[in-house]
Amino acid sequence: PIIIKTKYGKGNVIWSGVPIEAVNMYEYNVIFNNLLASIMPDYAPSFKSDAPDSVEITLFKDDLGFRLNAINVLEVPFSHIVPDFTVSVKTDKEPKKVALLPSETAVPFEFNDGYTTFTVKNFKIFEMFRIEV
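Residues numbered from 1 in each chain as written. Predicted model: local features only at pLDDT ≥ 70, side-chain atom pairs only at ≥ 80, totals over all residues. Heavy atoms only, no water.

## Some points on a nonpolar patch on the surface
A surface patch of nonpolar side chains, about 440 Å² in accessible area, is lined by Ile-4, Tyr-8, Val-13 and Trp-15. Here Tyr-8 is to be found in strand β1 (residues 3-8). (Patch = residues over 30% accessible without salt bridge, like charges linked within 9 Å, V, L, I, M, F, W, Y side chains within 5 Å. Areas by Shrake-Rupley, 256 points an atom, 1.4 Å probe, with all protein chains shown as cover. Salt bridge = Lys/Arg side-chain N within 4 Å of Asp/Glu carboxyl O. Helix = DSSP H or I, 4+ residues; strand = E, 2+ residues; numbered from the N terminus.)

Here is the structure:
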């Protein structure tokens, strides 16, 4: 078998013969998330996005809340505008504000089901956002 899920002592073990968490394919991401959800009933991803594959997103928790970075990793000789995309960050409570950094420009957002959702517009190479909770 390529993946085994079993109980061990008081815990659960998932063993995979391939680095499924490192493969950047939609289907593998779905399988990996479903495996995590199967052993952690309260599992919820830290963030979700419909960004194109060329956009890498990182999220860090800090003293004010969260800092989200988005970078276009597509290697082309010129910058192109990426279509608008949304990001939903698990904040558990409604944030005080979402701001584009470093300008501190307010970004409209919605808060539903424990997630703060906003749209990234006119994205080219790199953007940084603060979600203040």
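## Remarks on the nonpolar core
When a protein is soluble and globular, its nonpolar side chains tend to lie buried together. Ranked by internal contacts, the top residues of the largest apolar core, which has 17 residues, are Val-55, Ile-57, Phe-85, Val-87 and Phe-118. Contributing elements (two or more residues each) for this core: β4 (55-62), β5 (65-72), β6 (85-90), β10 (115-120) and β11 (126-132). In this structure, Val-55 is in contact with Ala-70, Ile-71, Val-82, Phe-85 and Phe-123, ignoring residues within four places of it in sequence. (Core = buried A, V, L, I, M, F, W, Y, C linked by side-chain atoms within 4.5 Å. Buried < 20%, exposed > 50% of the residue type's maximum accessible area, 1.4 Å probe, protein only. Contact = heavy atoms within 4.5 Å.)

## Details of the sheet that holds β5
On the basis of which strands lie adjacent, the open sheet formed by five strands has the order β4-β5-β11-β7-β8 and antiparallel pairing. Either end of the sheet is taken by a strand with one partner, and the two such strands are β4 and β8 (105-106). In the sheet, strand β7 (residues 97-101) pairs with β8 via two bridges, with the strands oriented antiparallel. When the sheet's bridge partners are listed, Ala-99 is paired in β8 with Ala-106. (Pairing = 2+ DSSP bridges.)

## Describing the environment of Ile-39
Considering the arrangement of structural elements, one finds Ile-39 in helix α1 (residues 26-39). Classification of Ile-39 as partly exposed rests on a relative accessible area of 24%. Considered as a pair, Ile-39 and Asn-12 are 27 residues apart in the sequence and their alpha carbons are 6.6 Å apart.

## Concerning the pattern of salt bridges
For the structure on display, the rule yields four salt bridges. A salt bridge links Asp-62 to Arg-67, with the nearest nitrogen and oxygen atoms 3.4 Å apart. We classify Arg-67 as partly exposed; its relative accessible area is 26%. Across the pair Lys-97 and Glu-104 runs a salt bridge, and its minimum N-O distance is 3.5 Å. Relative accessible area serves as the criterion here: at 33%, Lys-97 is assigned to the partly exposed category. Here Glu-104 falls in the partly exposed class, since its relative accessible area comes to 35%. Within the structure, one salt-bridge network assembled from shared partners comprises Lys-97, Glu-104 and Arg-130.

## Structural notes on the pairing of β11
The buried count for β11 comes to five of seven residues, which makes it a mostly enclosed element. Two strands pair when backbone bridges link them, and β5 and β11 are joined in this way by seven bridges, in the antiparallel orientation. Paired with Leu-68 across the bridge in β11 is Phe-129.

## Quick look at the environment of Tyr-43
Residue placement: Tyr-43 occurs in the loop between α1 and β3 (47-49). The partly exposed category is assigned to Tyr-43, whose relative accessible area is 26%. Ignoring any residue separated from it by four or fewer positions in sequence, one finds Tyr-43 in contact with Asn-33, Leu-36 and Ala-37.

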